[in-house]
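Here is what each chain is made of, one letter per residue.
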Amino acid sequence: MPVLIQTVAPGSHAARAGVRPGDTLLTIGGRPINDVLDYRFYMTDRQLELSLLRGGAPYSVRIKKAEYDDIGLDFETYLMDKQHSCKNKCVFCFIDQMPPGMRESLYFKDDDSRLSFLFGNYITLTNLTDADIDRIIEMHISPVNVSVHTTDPALRVAMMKNPNAAGSLRYIERLAKAGIRINTQLVLCPGWNDGEALAKTLADLGKLYPGVQSVACVPVGLTKYREGLAELRSFTAAEAGDTIDRVEAFQQRMLEEHGERVAYPSDEFFLLAGRPIPEAGYYGEFAQLENGVGLLSLLEDEFSGAFSDDDGEGAAEGAFTVATGKAACPLISSLARRVMDRYPGIDIRVRAIENRFFGEKITVAGLVTGVDLAEQLGGEALGDRLLLPSAMLRHERDKFLDDMTLEALEEALGVPVLPVDNDGYELYAAMTGRAGVSVA
């Protein structure tokens, strides 16, 4: 597929070879360039021959370079073609539970293998072909992040409402046997894929170790916008405890056989079960932080490191507020007490924000909206600033999920609002008034 070149970096290999913006890239070394994966893979050669079009007329250039040097081309989109959307109708899909009227990008369901490689997105494999899997293996794209949910073919079809959900399970084994590392996630729904179904899934994935290098078990997230959707419910404390027990039984087998736990319940399962979050050593290399696995443990461990390293110099005084989700509030409160015990001149108030926008069952900080912050904190004595997790904001760090801007929240509350990265060292620096606060 021809790809239009949007910009050519001045002084780059491509610029010196005479390539111009507006030219069309056809092939590299005679191999068609369809998207960013082709481009990145074939561009690593030391000697390149590019076939291009200019004004409809073909021409070619030769480039000599170091193996991993970029040649300086940029394209209209980072994927170089359209993003692949999800064809599944999963019973637990969070996007189907979104309220109307939000920005359009929040309703897009991606299921793009290239984004798994580039940005760590999870894919279901249901829209891939054997040729796509061949390309992943040929290019040795690794790791690949896969939403498995269950290894029972019939159950996977029932949960994902896609007949391809059964047959695509075979791709996991193909990838693992080809040496591709795979991170997997299981969104667990009580009465569907937990219990014995979970035990089977873990056993099946365990057989593919070390190809399957990690498994995250995450409870289904349910908003208040579920009219017309499949009937689902949240885990009870007993069911959450049973899930932890089943995962830890699998962990024990994997530790004995391979020296690694491999599978982990998310932090939310421990909170639902009323059990303490394990210490940092439990999570190994923290391979599943993006799924909320070990996030609280790592935050506490980093905070304790910063606390121990503190030489007592430069701590500020004053009162301020920290806002977070209900799930993290107990931990953040305990960390704040440690700071106040060390520095009596610092007064920290920690506020758990109830998620009224999506519904009270949503307790994570990353889904707290600006309107909930404004309504629940408005009129309160917040001190001289408000700290909140940067995960509440979109990547550009300027807007919340509901499109309220950071500036609008500051105006509504009358105090500076400082987003803090999800890092224990940054949190300690923010709580003690030192440099290191990440401000949007």
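Look a little higher up for the structure.
Criteria and cut-off values
- Residues numbered from 1 in each chain as written.
- Predicted model: local features only at pLDDT ≥ 70, side-chain atom pairs only at ≥ 80, totals over all residues.
- Heavy atoms only, no water.
- Buried < 20%, exposed > 50% of the residue type's maximum accessible area, 1.4 Å probe, protein only.
- Helix = DSSP H or I, 4+ residues; strand = E, 2+ residues; numbered from the N terminus.
- Pairing = 2+ DSSP bridges.
- Right-handed = clockwise from strand over helix to strand, strands pointing away.
- Core = buried A, V, L, I, M, F, W, Y, C linked by side-chain atoms within 4.5 Å.
- Contact = heavy atoms within 4.5 Å.
- Axes fitted to C-alpha atoms, helices over the stretch in contact; angles between N-to-C directions.
- Disulfide = S-S within 2.5 Å.
- Salt bridge = Lys/Arg side-chain N within 4 Å of Asp/Glu carboxyl O.

### Remarks on the pairing of strand β11 (residues 318–325)
Link 1 in the chain: Taken across its eight residues, β11 has six buried, putting it largely inside the fold.
Link 2 in the chain: Relative to strand β12 (residues 346–353), β11 runs parallel, the two sharing eight bridges. From the neighbouring strand, G318 faces β12, where its bridge partner is I346.
Link 3 in the chain: Chirality of the crossover, the property in question, places the unit of β11, helix α12 (residues 329–342) and β12 among those that are right-handed.
Link 4 in the chain: With two bridges joining them, β11 and strand β13 (residues 386–389) adopt parallel strand pairing. Within β13, the residue paired with T321 across the bridge is L386.

### What about the nonpolar core?
Link 1 in the chain: Grouped together as the largest cluster of nonpolar side chains are 49 residues, with contacts concentrated most on I172, L186, L202, V215 and C217.
Link 2 in the chain: The contacts of C217, once residues within four sequence positions are left out, are L186, L188, L198, L202, V247, Y264, P265, S266 and F269.
Link 3 in the chain: Counting residues in each nonpolar core, the second largest holds 25 residues, with L299, L331, Y343 and L427 among its members.

### Regarding the sheet that holds β12
Link 1 in the chain: One open sheet accounts for four strands, arranged β12-β11-β13-β14; its pairing is parallel. Each edge of the sheet is formed by a strand with only one pairing partner; in this case those strands are β12 and β14 (417–420). Taken pair by pair, the neighbouring strands of this sheet meet at an average axis angle of 25°, ignoring direction.
Link 2 in the chain: This element, α12, spans β11 and β12 of the sheet and lies at about 175° to β12.

### Re the sheet that holds strand β10 (residues 263–265)
Link 1 in the chain: The strand order across the open sheet built from four strands is β7-β8-β9-β10, with neighbouring strands paired in parallel fashion. Only two strands of the sheet have a single partner each, and these edge strands are β7 (144–147) and β10. Along the sheet, successive strands turn relative to each other by an average axial angle of 20°, direction set aside.
Link 2 in the chain: Sheet topology note: the strand β8 (residues 182–188)/strand β9 (residues 212–219) ladder contains seven bridges and is parallel. Bridged to L188 within β9 is P219.

### Some details on the state of the cysteines
Link 1 in the chain: Taken as a whole and assessed by the stated rule, the structure comprises zero disulfides.
Link 2 in the chain: Not part of a disulfide, C93 finds its nearest cysteine sulfur in C90, a span of 6.4 Å.

### Thoughts on the pairing of β7
The side chains of a regular strand alternate between both faces of the sheet.
Link 1 in the chain: In β7, alternate side chains face the same way, and those of V144 and V146 on one face and N145 and S147 on the other are all buried.
Link 2 in the chain: Strand direction decides the pairing type here: β7 and β8, joined by four bridges, are parallel. Note that in β8 the partner of V144 across the bridge is I182.

### Let's talk about the pattern of salt bridges
Link 1 in the chain: Under the defined criterion, the tally for this structure stands at 21 salt bridges.
Link 2 in the chain: With a closest N to O distance of 2.7 Å, E173 and K177 form a salt bridge. Remark: K177 and E173 occur in helix α7 (residues 170–177); sequence separation between them is four residues, near one turn of the helix.

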